[in-house]
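Examining the three-dimensional arrangement
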Amino acid sequence: MRFRELSLSLLLAALLAASTGVLAAQPGSVVPAILAPQAKHKTLDQAIAGLLSHYHYRQAKLDDKLSTIILGAYLEALDFNRLYFLRSDVQGFERKYRIALDDALQGGDLRPAYEIFNLYQQRLAERTAWVSKQLQKPFDFGRDEELELERKNAPWAASSAELDEIWRKRLKNELLALMLVGQKEPEARKTLQSRYESRLKRTLQSNSEDVFQTYMNAVARSFDPHTAYFSPRASENFNIEMRLSLEGIGTVLRMEEEEIKVLELVPGGPADLSKQIKPGDNIIGVAQGDDGPMVDVVGWRLDDVVDLIRGQRGSVVRLQLIPEGGRASGITKTVRLVRDTVKLDKKAAQSEIKTLQANGRSYRIGVITIPTFYSDFAAAQRGDADYRSTTRDVRRLLEQLNREKIDGLLIDLRQNGGGSLAEAVELTGLFIQEGPVVQVRNSRGEVEVEQDPDPSLLYDGPLGVLLDRYSASASEIFAGAIQDYGRGLLIGDPTFGKGTVQTLIDLGRFMPRNDPPAGQLKLTVAKFYRVNGSSTQHKGVMPDISLPSAYDAEEVGESAQPQALPWDEIAPAPYRGSQRLRSLVPELNKLHQQRMDGEPALVALRRTIELAEQVRRQTKVSLLESRRRSERDRQEAELLMRQNELRTALGLPPLKPDQARSEDDKGLPDVLQQESIRIVADLAEMLAAQDRGEALVMSGQ
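Worth saying up front: this structure is predicted, and the values here are computed from it rather than measured.

**Overview of the packing of aromatic side chains**
- Taken as a whole and assessed by the stated rule, the structure comprises 14 aromatic pairs.
- Pairing tryptophan 167 with tyrosine 196 gives two aromatic rings, centres 5.6 Å apart and planes at 65°, and the pair type is edge-to-face. Pair noted here: tryptophan 167 is in helix α7 (residues 160–180) and tyrosine 196 is in helix α8 (residues 185–204), with a separation of 29 residues, a long-range link. The same class applies to tryptophan 167 as to tyrosine 196, namely buried.
- Taken together, the ring pairs in this structure connect Tyr84, Phe85, Phe93, Phe117, Tyr120, Trp156, Trp167 and Tyr196 into an aromatic cluster.
- For the cation-ring pair, arginine 170 lies above tryptophan 167, with the distance from its terminal atom to the ring centre recorded as 4.9 Å.
- In this structure, lysine 539 is placed above the aromatic ring of tryptophan 567, and the distance from its NZ or CZ to the ring centre is 3.8 Å.

As structure tokens, this is what we get:
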């Protein structure tokens, strides 16, 4: 950088500091470039503000109340754990902008967003310089102290000295975490030095478009969590922020707290098929091939991590993960994956027949697993007679199961995040004679009812639907209709609660002709309602019979999302449901609970889940090395004990200590599905007894 350019940057930094009442950059820190909005951003800003205020389902006005929410969302997007801004910084922003951002948005004034971002970059540069100096100093690992990991609701630091103390403990914790996974202290220091320098470098590579996208997403998500702005780059590859290329590992990712979090697994992808990666896991390292060096990716931009993970089909990538809820323990694991495309036969619905002995007889229960609600729209438009879709595939599987004379059926919708609304409606029609399936209300209050398009009934026998916290959207529509019509039992967890409809708007229509692409706005425009009038939004669909849950409802689901639209009701649609199953639920629950309390595999599974819950609830960690190692060893020993307790109950050989993390789900029978099958068998026996007019006495064994 030439002297004149450097002088200008220093002058601008000084002016910025003066305008916000904060100190200038510390000596030795990098002085970031001052970013400003581009001319096109004013037009885009006004277009997005108009679309949000006029066409979003919430029908919220851009007013002072929303301005406050936007400011909070933007500060959270930049400094989630409150580790960079000082209280005086935030107070300065609030004085100037707390009730002014609404007017600025409508006027196309983006200066507040860029001012805040520029100060954030300055604070990041100052903190990186401080970290670099601190990593040259000794740390007292024999000092008995603790660190609170969760700071998203903590007060902003009142002074630089207070923030220094927070960071001292944070660095000490990060050093300990690296040392606990095998690094010597000098190596761990180098890793952290590289990590923070890389984080600063990537932040300083931010351009005007990056700031605009970050701010516009804060604005959009102040309306609801599913409304979002996609920059031109993100629009070119719609999945680059959240879904990896299908020629990769098949995961949905998001940047969260400076780490890459797995949101969901693409059905049929390498990550899904490995059974070693779960939603909620954090990716902290990526390595190429079987022996390539592990690259620390904490603090990297999401798209840069995506580039590392994606690669040629058939090649190997290794991921270093912190399992969901494991930040406090510091336990990590490494997963080896072979990159591949998602195979349709792995993504498509599949069936099998499970045979079991219960109630003094043998039962044959069909199981259909539906990973997603899919349809090959391109093939359908071409007129292909045999194009693939969820309903077509399930129809074929059901016809085969009917020929096999099954005694009951279980539809497994765990991890099914939704997909085609039309497929959810048509699939429901295979299990009901006729009638409405779901209601859709738009922002004007107009309600459209989606009807079963086929009056035929393909299966009318005993039915269970297995759900978990990640069953969402189209899965909730199907499950809700099955429950409302009294056609089957819902088993498992309350569902995700994603009951909203989005549309994509090309923002290029608001720009001058022949301008470059302008990006897209994903806008929430409608809500789903069950035929009984209840929304699937926020609350989700409640099961009739609950199973032990591996998910924290406070962290996973629509109710955990800021600004989520509320649950509400509308008038029910005219439909004819049955109450026959309702009277059987208490007895079915009683039999299920007897097995939960008495069968070794179910008892062991519940204890394993309880242990995971204890670890997940731990938000404080010891910074005393001896205690930290002892706690880590104790947790690993208890985890191994619980895993082997379950394996013994299932007749499997025990794991060795070094296998506790890498082999946790591989080869294990699906205990929750097995119990769900047993519930369906109980249901079949009770319905048969009702048909015979008998009073039935059953045992849970």
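**Digging into helix α12 (residues 302–309)**
- Residues of α12 that are buried include every one of Leu302, Asp303, Val305, Val306 and Ile309, and no others. The buried residues of α12 all sit within an arc of 155° when viewed along its axis, so they share a single face.

**Considering helix α18 (residues 585–598)**
- Between its first and last C-alpha, α18 extends 20 Å over 14 residues, near the 20 Å set by a 1.5 Å rise per residue.
- Buried within α18 are the following residues: Val585, Leu588, Leu591, His592, Arg595 and Met596. Buried residues of α18, seen end-on, are gathered within an arc of 145° and therefore sit on one face of the element. Among the exposed residues of α18, those oriented more than 90 degrees off its buried face are Pro586 and Asp597.

**Things to note about the side chain of asparagine 416**
- On the secondary structure map, asparagine 416 appears in the loop between β11 (408–412) and α16 (421–429).
- Of the polar contacts made by the side chain of asparagine 416, one reaches the backbone oxygen of isoleucine 370; its length is 2.7 Å.
- Contacts of asparagine 416, omitting those with residues within four sequence positions, involve Ile370, Pro371, Thr372, Phe373, Tyr470, Ser471, Ala472 and Ser475.

**Brief notes about the pattern of salt bridges**
- One pass over the structure, following the stated rule, counts 44 salt bridges.
- For aspartate 109, the salt bridge identified is with arginine 111, shortest N-O distance 3.0 Å.
- By relative accessible area, which is 26% here, aspartate 109 ends up partly exposed.
- Between arginine 642 and glutamate 645 there is a salt bridge, and its shortest N-O distance comes to 3.7 Å. Taken together, the residues arginine 642 and glutamate 645, both in helix α20 (residues 625–649) and three residues apart, mark about one turn of the helix.
- Relative accessible area serves as the criterion here: at 26%, glutamate 645 is assigned to the partly exposed category.

**Focus on the confidence of the model for the chain**
- Looking at the chain as a whole, the pLDDT averages 85, with 89% of positions reaching at least 70.
- Ranking the helices and strands of the chain by mean pLDDT puts strand β14 (residues 463–467) first, with 98, and helix α1 (residues 3–20) last, with 34.
- Across residues 238–246 the pLDDT falls below 50, and counting only partners more than four positions away or on other chains, this stretch makes 32 contacts in the model.

Conventions used here
- Residues numbered from 1 in each chain as written.
- Predicted model: local features only at pLDDT ≥ 70, side-chain atom pairs only at ≥ 80, totals over all residues.
- Heavy atoms only, no water.
- Phe/Tyr/Trp six-rings, centres within 6.5 Å; stacked < 30°, edge-to-face > 60°.
- Helix = DSSP H or I, 4+ residues; strand = E, 2+ residues; numbered from the N terminus.
- Buried < 20%, exposed > 50% of the residue type's maximum accessible area, 1.4 Å probe, protein only.
- Lys NZ or Arg CZ within 6 Å of the ring centre and 35° of its normal.
- Arc of directions from axis to C-beta.
- Expected span 1.5 Å × (residues − 1).
- Polar contact = N/O pair within 3.5 Å; in protein donor to acceptor, adjacent residues only side chain to side chain.
- Contact = heavy atoms within 4.5 Å.
- Salt bridge = Lys/Arg side-chain N within 4 Å of Asp/Glu carboxyl O.
- pLDDT = per-residue confidence, 0-100.

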